[in-house]
Amino acid sequence: MAQSQPPVLDLQPPLLNSANPWATTLEDLRALYYCTSTGAVTTRTSLIQGFAHDSAIHQHLFFTTGHHSVARDRDLLSGPENASLNTLGYSPISLDGYLGFIRTIASSQSPAPPPGKYFIISVTGSPEEVAECYKVIASAKRDIPTPLAVEINLSCPNIPGAPPPAYSGMALAKYLTVLSSLIASNPDLPRLPFGLKTPPYTHAAEYQTLIDALLDSTAGGAEGTSPLSFITATNTLGSCLVLSSGDGGGDDPASPTPSLPGAGIGGMAGAPLHPLALGNVATIRRMLDEHPGALGHVRVVGVGGVLDAGGYRRMRAAGAAAVGVGTGLGLRGVGIFREIERGLGGKWK
């Protein structure tokens with residue numbers, strides 16, 4: 001049976017947090033939800049059963065581009081930090097835990113929930129596990145009054161032995177096929193916008209792999225339309241290293257050491273990622289628009305190095321329908337969204 005047109009992810013205002021460690025707890029999500037400068041809240045990426053977090057391995061830090069002075073906590077920032085590095089995996093909180101958080105927040109009467117504000121639930125796992133996540137979330141929608149969407153994170157660079165599936169056409173096809181089949185075979189299941197979170201692509205073949213997989217997924221859609229509603233571009237850039245001589249600074253060239261556990265290799269975000277993220281947003285938007293009937297409806301959520309109103313404007317100019325903030329949230333807290341809104345003078349477009 002042909003699928004109907006995918007639901008649209010329409011965020012007002014078009015500003016939100018990305019899936020990141022500062023969107024982990026009930027308190028994190030509540031603060032983001034009641035921030036009037038955001039149109040959605042994205043949860044940290046979860047699995048059906050949760051993730052085995054090990055604080056000795058899974059860590060993050062902030063650093064300064066140009067010289068590797070680092071800080072591990074927002075309270076220890078010296079001021080110029082504009083980037084982050086992490087060896088984190090996924091959230092230790094399970095999908096059911098996040099659905100419980102959302103029920104608690106959305107059912108509150110004081111203050112009243114903001115109308116129309118989305119929770120975007122970020123999930124990952126095998127294709128079958130992700131399909132089960134979608135089914136669980138869609139079923140939960142029946143008793144959750146706030147709009148829900150699903151982001152499928154196929155791009156974490158920090159999972160040993162599990163390269164990001166979004167670099168592989170075969171892997172992408174498996175996820176899209178299983179999800180399309182689930183939606184088509186369960187017409188009574190509430191239909192939710194769902195999207196893919198992609199890794200940073202760096203050459204033409206990687207972009208083409210993504211577009212080919214999306215086009216292949218249109219076979220079961222209405223009039224050849226992809227079932228995808230959005231793409232979140234981009235996740236952190238893997239294989240990055242910050243060397244420093246300690247939390248106080250990286251000015252001593254004699255004894256630089258990894259700033260994170262082990263070899264210190266992790267995913268980098270913030271200001272250094274911004275030009276690459278802009279390039280990803282612009283290229284994906286252009287390639288989607290080359291197939292207007294099949295892929296033109298897919299919106300792009302631009303993420304990567306947005307720290308102020310200027311970063312927001314650049315993302316929108318590159319083609320982002322909405323703009324996500326990650327490292328900036330870690331650096332400055334929820335107040336960064338109000339700073340961006342003030343910098344825009346209320347002009348979101």
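Residues numbered from 1 in each chain as written. Predicted model: local features only at pLDDT ≥ 70, side-chain atom pairs only at ≥ 80, totals over all residues. Heavy atoms only, no water.

J.: Could you clarify how one ought to interpret the pattern of salt bridges in this entry?
T.: Opposite charge on two side chains permits them to pair, given that their charged atoms come into close proximity. Counted by the stated rule, this structure contains five salt bridges. The residue Glu 290 makes a salt bridge to Arg 286 at a minimum N-O spacing of 3.0 Å. Residue class for Glu 290 comes out partly exposed when judged on its relative accessible area of 47%. (Salt bridge = Lys/Arg side-chain N within 4 Å of Asp/Glu carboxyl O. Buried < 20%, exposed > 50% of the residue type's maximum accessible area, 1.4 Å probe, protein only.)

J.: Whenever I open this one, the side chain of Ser 18 confuses me. Can you help?
T.: Relative to the assigned elements, Ser 18 resides in the loop between strand S1 (15-17) and helix H1 (26-33). Discounting residues that sit within four places of it in the chain, Ser 18 has contacts with Ala 23, Thr 42, Lys 197, Val 303, Val 325 and Gly 326. (Helix = DSSP H or I, 4+ residues; strand = E, 2+ residues; numbered from the N terminus. Contact = heavy atoms within 4.5 Å.)

J.: So what exactly am I meant to see when it comes to the packing of aromatic side chains here?
T.: Where two aromatic rings form a pair, the distance of their centres and the angle of their planes describe that pair. The full count for this structure, using the stated rule, is nine aromatic pairs. Note on Tyr 33 and Phe 119: the rings are 4.9 Å apart at their centroids and 10° apart in plane angle, and the pair reads as stacked. Of this pair, Tyr 33 sits in helix H1 while Phe 119 sits in strand S6 (residues 118-123), and the two are 86 residues apart along the sequence. Each member of the pair, Tyr 33 together with Phe 119, is buried. Ring centres of Tyr 98 and Phe 101 lie 5.7 Å apart, and the angle between their planes is 90°; this geometry places the pair in the edge-to-face category. One end of the pair is Tyr 98 and the other is Phe 101, both in helix H2 (residues 95-106) and three residues apart, which spans about a single turn. Accessibility assignment for this pair places Tyr 98 and Phe 101 in one class, buried. A network of ring pairs unites the aromatic residues Tyr 33, Tyr 34 and Phe 119 as a single cluster. (Phe/Tyr/Trp six-rings, centres within 6.5 Å; stacked < 30°, edge-to-face > 60°.)

J.: It is not clear to me how the packing of helix H6 (residues 274-289) against helix H8 (residues 309-318) should be interpreted in this structure. Could you clarify?
T.: If you want to describe how two helices pack, look at the angle between their axes and the distance between the axes. Contact geometry of H6 with H8 gives a least axis separation of 8 Å together with a crossing angle of 25°. In terms of orientation, H6 lies roughly parallel with respect to H8. Counting all contacts with H6, which are made through His 274, Ala 277, Leu 278, Val 281, Ala 282 and Arg 285, the residues of H8 involved are Gly 311, Arg 314, Met 315 and Ala 318. Of the residues assigned to the contact of H6 with H8, the class counts are six nonpolar, two polar and two charged. (Axes fitted to C-alpha atoms, helices over the stretch in contact; angles between N-to-C directions. Parallel < 35°, antiparallel > 145°, perpendicular 65-115°, else oblique. Nonpolar A, V, L, I, M, F, W, Y, C, P; charged D, E, K, R; others polar.)

J.: Just checking my understanding: could you explain the sheet that holds strand S4 (residues 70-71) for this structure?
T.: Across a sheet, strands are paired by hydrogen bonds formed along the backbone, either parallel or antiparallel in direction. Strands sit in the order S4-S3-S5-S13-S10 across an open sheet of five strands; the sheet is antiparallel. Both outer strands of the open sheet, S4 and strand S10 (237-240), are each paired with one neighbouring strand and no more. In this structure, strand S3 (residues 60-63) lies alongside S4, joined through two bridges in antiparallel fashion. Paired with Phe 63 across the bridge in S4 is Val 70. (Pairing = 2+ DSSP bridges.)

J.: Explanation requested: unusual backbone geometry in the structure shown.
T.: Excluding glycine, most residues fall at negative phi; most peptide bonds, likewise, are trans. Residue Pro 13 is bonded to the preceding Gln 12 through a cis peptide linkage, with omega at 0°. Among the structural elements, Pro 13 can be located in the segment before S1. The omega torsion of the bond from Ala 233 to Thr 234 falls at 25°, within 30 degrees of zero and hence cis. One non-glycine residue with positive phi stands out, namely Ser 239, at about 60°. Within the secondary structure, Ser 239 is located in strand S10.

J.: It is not clear to me how the packing of H8 against helix H10 (residues 335-344) should be interpreted in this structure. Could you clarify?
T.: Running from N to C, H8 and H10 point in directions that differ by 75°, and their axes come no closer than 8 Å. One element, H8, and the other, H10, form an angle in the roughly perpendicular class. Across from Ala 309, Tyr 312 and Arg 313 in H8, the residues of H10 making contact are Ile 340, Gly 343 and Leu 344.

J.: What's the story with helix H3 (residues 127-140) in this structure? I'm lost.
T.: An α-helical turn contains 3.6 residues, so any two residues separated by three or four positions project in the same direction. Look at H3: 20 Å from first C-alpha to last across 14 residues, which is about the 20 Å you get at 1.5 Å a residue. For H3, the complete set of buried residues consists of Pro 127, Val 130, Ala 131, Cys 133, Tyr 134, Ile 137, Ala 138 and Ala 140. Tucked into the core, H3 has its buried residues touching H2, S6, strand S7 (148-153), helix H4 (169-185) and strand S8 (194-198). (Expected span 1.5 Å × (residues − 1).)

J.: Please clarify how helix H5 (residues 204-216) should be interpreted in this entry.
T.: Compared with the 18 Å implied by 1.5 Å per residue over 13 residues, the 18 Å span of H5 between its first and last C-alpha is a close match. Buried residues in H5 make contact with H4, S8, strand S9 (230-233), H6 and helix H7 (292-295).

J.: Would you explain the pairing of S7 in this entry?
T.: Within a regular strand, side chains alternate between the sheet's two faces. Most of S7 sits out of view: six of its six residues are buried. Burial along S7 is two-sided: the residues Leu 148, Val 150 and Ile 152 and Ala 149, Glu 151 and Asn 153 are all buried. When S6 meets S7, the two strands line up parallel, connected through five bridges. Considered in S7, the bridge of Ile 121 is made with Val 150. Taking the sense of rotation as the criterion, the β-α-β connection linking S6, H3 and S7 turns out right-handed. Examined bridge by bridge, S7 and S8 share four bridges and lie parallel to one another. Among the inter-strand pairings, Asn 153 is bridged to a residue of S8, identified as Lys 197. (Right-handed = clockwise from strand over helix to strand, strands pointing away.)

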